[in-house]
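# Chain and residue survey
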Amino acid sequence: MKNARKRGHARLMVRWPQRRAQLRLIPFDDPGLGDLFEAYELAWEAAGYWAKIDTAAASERTREYHALAIATEEDILHRIS
Amino acid sequence: MDEDHSARICEQPDNDAVLKALEHVLASQALRLSERNRRFLSFVVRQTVEGHAERIKAYAIGVDVFGRDEDFDPAVDPIVRIEANRLRTALAAYYDGPGQADGIVITVPRGSYVPTFQSRAGSGDAPGPRLPACDKSAEGRATIVIHDHSRATDAETELRGYLFTEAFLSALQSAGFKLRLVPKRECSAAALAIDALLTEPGNAYALDIAVWPPGEKQRFSWRLIDLRTGEVLASVFRELAVAATSSFGLIDEFASEATSTITPMLAARPGAGL
């Protein structure tokens, strides 16, 4: 859980360089955002997992998790705005 | 971004108050939550209130709320864990901000999907939240009492009734009605709810809904009744082929169509408040 939060926090800084300074001030285990960092990372990991499977159902899952990652990203950016 | 709302928490509220708190928080536009996560919240709260907390597992939520099939494996399909995190965060933000005056706090603790409910001290005279009826934006609008009359003999039909109710709640709420939900399996509660409603000013209507037992198709019905006169304003049914994973859209669509029928019907009545 802790590692997922850390990876999610780091991934966000990679994807959003213009928000990096702001994100760096927020600890990965922040009480309000830690759960979202974890959700963000889990969504990207799940999208990656399903993308390796060549079935229609897996493609649907990949799209779903990708959309979920983007929605979670928006949640985080909204919270820190 | 912290969880200050827990500092003022003091006591365990009763089930009716919890359901009112659920209705209130779900009605709030300030709660940043998707429609399916509102269903998620509603599902875990209602299961808990009805004494079925032991059913609240990732698998059950995946299947019943997120429409996964029986092969659902939370280990490789972490939808429930992800959405639970988002739900937890959204609730915390709500109770720390726009919902800080709410009398009851609903939380989903980490490590569990079973919610907890606690009253907050110093939140006013009533232990419950402010009801939508107290909101200026809801003043004068027609009130609809939803009562699910299904006599489910199996879990599948019970679930359909639950989904049908939820679909109506969502659609009618979006249309701006004040809503009251009669608890299932409590006939005395139904009478009390209606008595209480008739003492309120404004228009009051009953929406009786039902899902009839299984078969190749299931009959979903709704009937709108003027509570003051007993007049039946509309009575509609539809038979839906409800496969395990594809029925959510059909049920939502039927409830949405019903709301489109009900809204202008009530608006055209004398003294209508919509």
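All values derive from a computational prediction rather than experimental measurement.

Below, the discussion takes up the pattern of salt bridges. The tally for this structure, following the rule as stated, stands at 20 salt bridges over all chains. Arg15(A) serves as the salt-bridge partner of Glu73(A), at 2.7 Å between the closest nitrogen and oxygen. Here Glu73(A), found in helix α4 (residues 56-80), pairs with Arg15(A), found in helix α1 (residues 2-15); they are 58 residues apart in sequence, far enough to count as distant. One salt bridge in this structure joins Arg238(B) and Glu257(B), with 2.6 Å as the shortest N-O distance. Here Arg238(B) is found in strand β8 (residues 232-240), whereas its partner Glu257(B) is found in helix α7 (residues 247-267), with 19 residues between them in sequence. A residue is classified by how much of its surface remains accessible, and Arg238(B), at 28% relative accessible area, is partly exposed.

Every contact between the two is made by 19 residues of chain B and, on the other side, 25 residues of chain A. A buried area of about 2100 Å², summed over both sides, lies between chain B and chain A, and 51% of it is on carbon and sulfur atoms. In this assembly, chain B and chain A are joined by eight salt bridges. Notably, a salt bridge pairs Arg86(B) with Asp75(A), separated by 2.9 Å at the nearest N-O pair. For the pair chain B and chain A, the number of links is 12 residue pairs in polar contact (both at pLDDT 80 or more). At nine residues, helix α4 (residues 79-96) of chain B tops the list of elements feeding residues into the side of chain B that touches chain A. Counted by class, the side of chain B that touches chain A contains six nonpolar, two polar and 11 charged residues.

With that out of the way, let us pick up the packing of aromatic side chains. All names here are of chain B. Inspection of every chain in the model, using the stated rule, returns eight aromatic pairs over all chains. Ring plane angle 80 degrees and centroid distance 5.6 Å describe the contact between Phe40 and Phe66, whose orientation is recorded as edge-to-face. Here Phe40 is found in helix α2 (residues 35-49), whereas its partner Phe66 is found in the loop between α3 (58-64) and α4, with 26 residues between them in sequence. The exposure class of Phe40 is buried, given its relative accessible area of 1%. Phe66 gets classed as buried once you look at its relative accessible area, which sits at 8%. Judged by centre distance (5.1 Å) and plane angle (55 degrees), the rings of Phe164 and Phe168 are tilted. Here Phe164 pairs with Phe168, and both are found in helix α5 (residues 155-174), just four residues apart, close to one helical turn. The exposure class of Phe164 is buried, given its relative accessible area of 0%. What links up through ring pairs into an aromatic cluster is the set Phe164, Phe168, Phe220 and Phe254.

Another aspect to go through is helix α3 (residues 34-51) of chain A. Taking 1.5 Å as the rise per residue, α3(A) with 18 residues should run 26 Å; its terminal C-alpha atoms sit 26 Å apart, in good agreement. Burial of α3(A) is extensive: 14 of the 18 residues sit out of reach of the surface.

Turning our attention to the environment of Val108(B). Residue and element names in this part refer to chain B. Looking at the element boundaries, Val108 is found in the loop between β2 (104-107) and β3 (116-120). By relative accessible area, Val108 is classed as buried at 4%. Measuring from C-alpha to C-alpha, the distance between Val108 and Leu41 comes to 8.9 Å, with 67 residues separating the pair along the chain. The residues touching Val108, leaving out its near neighbours within four places in the chain, are Leu87, Arg88, Leu91, Tyr113 and Pro115.

The next thing to look at is the packing of α3(A) against α4(B). In the contact formed by α3(A) and α4(B), the axes pass within 9 Å of each other and the chain directions differ by 155 degrees. For the element pair α3(A) / α4(B), the angle class is roughly antiparallel. Regarding α3(A) and α4(B), the two cross each other, and that crossing is left-handed. Every residue of α4(B) that contacts α3(A) at Asp35(A), Leu36(A), Glu38(A), Ala39(A), Leu42(A) and Ala43(A) is listed here: Arg81(B), Ile82(B), Asn85(B), Arg86(B), Arg88(B) and Thr89(B). Residue composition of the contact of α3(A) with α4(B), grouped by class: five nonpolar, two polar and five charged.

Conventions we followed
By convention here, each chain's residues receive numbers from 1 onward along its written sequence. Naming scheme: in the order in which they are written, chains are lettered from A and ligands are numbered from 1. Local features in a predicted model are, by the rule used here, given only for residues with pLDDT of at least 70; side-chain atom pairs are given and counted only at 80 or more, and totals for whole chains, interfaces and linings are based on all residues. As a rule here, side-chain values cover all heavy atoms of the structure and leave hydrogens and water aside. Think of a salt bridge as a Lys or Arg side-chain nitrogen and an Asp or Glu carboxyl oxygen that are within 4 Å of each other. For the purposes of this entry, the term helix denotes a DSSP run of H or I that reaches at least four residues, the term strand denotes a run of E that reaches at least two, and both are numbered from the N terminus. Exposure is judged per residue with a 1.4 Å probe applied to protein chains only, and the accessible area is read against the type maximum: over 50% gives exposed, under 20% gives buried, and values in between give partly exposed. Any pair of residues with heavy atoms lying within 4.5 Å of one another is described as a contacting pair. Note on terms: buried area is the combined drop in 1.4 Å-probe accessible area of two parts once they are placed together, counting the loss on both. Contacts described as polar in this section are N or O atom pairs within 3.5 Å, which, within protein, must combine one atom able to donate a hydrogen with one able to accept it, while residues neighboring in sequence count only if both atoms come from side chains. Gly falls in the polar group here, along with every residue not listed as nonpolar (Ala, Val, Leu, Ile, Met, Phe, Trp, Tyr, Cys, Pro) or charged (Asp, Glu, Lys, Arg). Ring pairs are drawn from Phe, Tyr and Trp, using the six-membered ring of Trp, whenever the two centres fall within 6.5 Å, and their geometry is named by plane angle: stacked under 30 degrees, edge-to-face over 60, tilted for the rest. Here the expected span of a helix is defined as 1.5 Å times the quantity of residues minus one. Note on geometry: axes are lines fitted to C-alpha atoms, helical ones only across the stretch in contact, with angles between N-to-C directions running from 0 to 180 degrees. Angles are sorted into four bins: roughly parallel if under 35 degrees, roughly antiparallel if over 145, roughly perpendicular if 65 to 115, and oblique for all others. In this scheme the handedness of a crossing depends on how the near helix is turned from the far one: anticlockwise by less than a right angle means left-handed, clockwise means right-handed.

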